[in-house]
Amino acid sequence: MIDVDGYRPNVGIVLLNADGQLFWARRVNRDGWQFPQGGMRSDETPLEAMYRELEEETGLCAGHVEVLASTRGWLRYKLPSRYVRHHQRPTCIGQKQVWFLLRLVSSEDALRLDACEKPEFDIWRWVDFWYPAAHVVNFKRQVYERALRQFAPLVETLLRVELGGLPHPCNADAEHTANPGKDCAAA
């Protein structure tokens, strides 16, 4: 399902634990780490798609989480030209996403990356709130920043913490990345 502007409707999931850390997972057979996300079916609402993707990618069900918020409107990103399938019609040039902030209300033992036939992720970890915005693949970075900026005030209020501002990738905590300084080579 691709809209008239070439964007595929999609949902993204920001999963928060009691310590204010976020679920961060590595894609199977790839170096890329990201939040759970996935396309919407034509007969689904964003909320329905989110619950389906949550279960497929993390093994969590509605009873394992509490929905805290969703982004206002669609957040869009364009795919780099090398990922656009120019021969397909309609041509998908990117994703438009509704992001959901969820709080894990069960034990993290409920997380199962092998909950579906073809797992999306092979390993996961908890990371600091702003870490994903500084370390996701470049073409998704602005969408991650926008979603996290929308969610930050709520997280600060709920957890009574101060998250501070979005750090520059070069200043991000190097112990949480397999390639410290990789994003900073040009800096």
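The shown structure was predicted, so the numbers you read here are calculated from the model rather than taken from an experiment.

Draft legend 1. Region of interest: the nonpolar core. Formed by 25 residues in total, the largest nonpolar core has its most connected members in Val14, Leu22, Trp24, Phe35, Trp99, Phe129 and Leu148. Those elements that place two or more of their residues in this core are β1 (7–16), β2 (22–27), β6 (75–78), β7 (94–104), α2 (131–135) and α3 (141–159). Sorting elements by how many residues they give to this core places α3 first, with seven residues. Ranked by size, the runner-up nonpolar core spans 20 residues in total, among them Phe23, Val98, Phe121 and Trp126.

Draft legend 2. Geometry of unusual backbone geometry. Residues arginine 89 and proline 90 are joined by a peptide bond in cis, for which omega reads -5 degrees. In this structure, proline 90 sits in the loop between β6 and β7. Of note in the backbone geometry, asparagine 29 takes a positive phi value of approximately 60 degrees without being a glycine. Examined against the element boundaries, asparagine 29 turns out to sit in the loop between β2 and β3 (33–34). Residue classification places asparagine 29 among the exposed positions, given a relative accessible area of 76%. Even without being glycine, arginine 160 reaches a positive phi, approximately 55 degrees.

Draft legend 3. Region of the structure containing the pattern of salt bridges. Counted according to the given criterion, the structure contains 10 salt bridges. A salt bridge links lysine 96 to aspartate 3; its shortest N-O distance comes to 3.0 Å. Taken together, the residues lysine 96 in strand β7 and aspartate 3 in the segment before β1 connect sequence positions 93 residues apart. For the pair lysine 96 and aspartate 3, a shared accessibility class is recorded, and that class is buried. Connected through salt bridges with shared partners, the residues Arg41, Glu44, Arg52, Glu53 and Glu56 form a single ionic network.

Draft legend 4. Quick peek at α3. At phenylalanine 151, α3 shows its maximal bend, which comes to roughly 35 degrees, and the proline proline 153 appears one to four places after that position. Buried residues of α3: Arg141, Val143, Tyr144, Glu145, Ala147, Leu148, Phe151, Ala152 and Val155, and no others. Positive backbone phi, at 55 degrees, marks arginine 160, one or two positions downstream of α3.

Rules used throughout
Residues numbered from 1 in each chain as written. Predicted model: local features only at pLDDT ≥ 70, side-chain atom pairs only at ≥ 80, totals over all residues. Heavy atoms only, no water. Core = buried A, V, L, I, M, F, W, Y, C linked by side-chain atoms within 4.5 Å. Buried < 20%, exposed > 50% of the residue type's maximum accessible area, 1.4 Å probe, protein only. Helix = DSSP H or I, 4+ residues; strand = E, 2+ residues; numbered from the N terminus. Salt bridge = Lys/Arg side-chain N within 4 Å of Asp/Glu carboxyl O. Bend = angle between axes of the 7 residues up to and from the residue.

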